[in-house]
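Structural description and commentary
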Amino acid sequence: EPFDHTVQGMGYIALVEDISLPLANMQQAKLNSFLIGIFGLILSEFALLLILWNPLSRLKNTVSALPLLAKSKFNNFRSSIIKYNKPHLINDETDLLIITALELAQQLEELNNTVDQQTNLLAGNMNQLKQEMNFVRRLLDVAQVVIVTQNQYGKLILVNKHGRNLTGYSTSELENKNFIDLLDQ
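Residues numbered from 1 in each chain as written. Predicted model: local features only at pLDDT ≥ 70, side-chain atom pairs only at ≥ 80, totals over all residues. Heavy atoms only, no water.

**Things to note about the overall build of the protein chain**
- Of regular secondary structure, the protein chain possesses 7 helices and 2 strands.
- Counting from the amino terminus, the protein chain carries its helices and strands in the arrangement α-α-α-α-β-β-α-α-α.
- By the compact-globule yardstick of 16 Å for 185 residues, the protein chain is too spread out, its C-alpha radius of gyration being 47 Å.
- When the backbone C-alpha atoms are referred to their principal axes, the protein chain occupies close to 155 × 55 × 20 Å.
- When the 185 residues of the protein chain are sorted by exposure, 15% land in the buried category. (Helix = DSSP H or I, 4+ residues; strand = E, 2+ residues; numbered from the N terminus. Rg over C-alpha atoms; globule rule 2.2 N^0.38 Å. Buried < 20%, exposed > 50% of the residue type's maximum accessible area, 1.4 Å probe, protein only.)

Encoded structure:
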């Protein structure tokens, strides 16, 4: 016990020192460290913004141009992509995305052109087939013989004009009749 009153003849020395200046220095150092940390954080965020600004702008432009592909506006898509994306020394992921999107646009345009050509060809073939069917139907109607077509179940598909005249039935009355039923009459 430092202040034991039972022991006689002992003296005590008490040292008192003013620590307010070192304490203030420690408080100031802590504040300086905090401010430097905040400044460093803001500076690093600003540097990150500068680093990512261009790639993110290019990515945003690419994404906003993608709907043009769905509308088959391939030239508009290409010009929009190329307009905002200049070549770089080092390609990054955004460049890879842009290159892939341009290749995709080329493939989609080729497929779209192929579909258009095939559609036009099919429309022409359908028109030709319709003309041929009309010609055959006119021939069948002119012929003075009964011409009947039926499906595998015996249901009438077509009876020419001479056959309709002989049976006395109209085209609508002959629909869904069986060929055998027609012979029984």
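**A short note on the nonpolar core**
- Judged by nonpolar contacts, Ala65, Leu69, Phe74, Phe77, Ile81, Ile98, Ala101 and Ala105 together constitute the single largest core of 8 residues.
- Elements represented by at least two residues in this core include exactly helix H3 (74-84) and helix H4 (93-142). (Core = buried A, V, L, I, M, F, W, Y, C linked by side-chain atoms within 4.5 Å.)

**Examining the packing of helix H1 (residues 20-65) against H3**
- Where H1 meets H3, the axes come as close as 10 Å, and the angle between the chain directions of the two elements is 175°. The orientation of H1 with respect to H3, classified from their angle, is roughly antiparallel. Here Arg58, Asn61, Thr62 and Ala65 of H1 come into contact with H3, specifically with Phe77, Ser80, Ile81 and Tyr84.
- Of the residues that constitute the contact of H1 with H3, the class distribution is 4 nonpolar, 3 polar and 1 charged. (Axes fitted to C-alpha atoms, helices over the stretch in contact; angles between N-to-C directions. Parallel < 35°, antiparallel > 145°, perpendicular 65-115°, else oblique. Contact = heavy atoms within 4.5 Å. Nonpolar A, V, L, I, M, F, W, Y, C, P; charged D, E, K, R; others polar.)

**Quick notes on the pattern of salt bridges**
- Scanning the model with the defined rule gives 3 salt bridges in all.
- A salt bridge links aspartate 95 to arginine 58; the shortest N-O distance between them is 2.5 Å. Of this pair, aspartate 95 sits in helix H4 while arginine 58 sits in helix H1; the two residues are 37 residues apart in sequence, bridging distant segments of the chain.
- Residue aspartate 95 is classed as buried on the basis of its relative accessible area of 8%.
- In this structure, the salt-bridge partner of arginine 78 is glutamate 109, at a minimum N-O distance of 2.6 Å. Taken together, the residues span a long stretch of sequence, with arginine 78 in helix H3 and glutamate 109 in helix H4 at a distance of 31 residues. (Salt bridge = Lys/Arg side-chain N within 4 Å of Asp/Glu carboxyl O.)

**Quick notes on a nonpolar patch on the surface**
- A cluster of nonpolar side chains, namely Leu48, Ile51, Leu52, Leu56, Leu59, Val63, Leu66 and Leu97, defines an oily patch on the protein surface of about 670 Å² accessible area.
- A per-element tally of the nonpolar patch places H1 first, with 6 residues.
- Here leucine 52 lies in helix H1. (Patch = residues over 30% accessible without salt bridge, like charges linked within 9 Å, V, L, I, M, F, W, Y side chains within 5 Å. Areas by Shrake-Rupley, 256 points an atom, 1.4 Å probe, with all protein chains shown as cover.)

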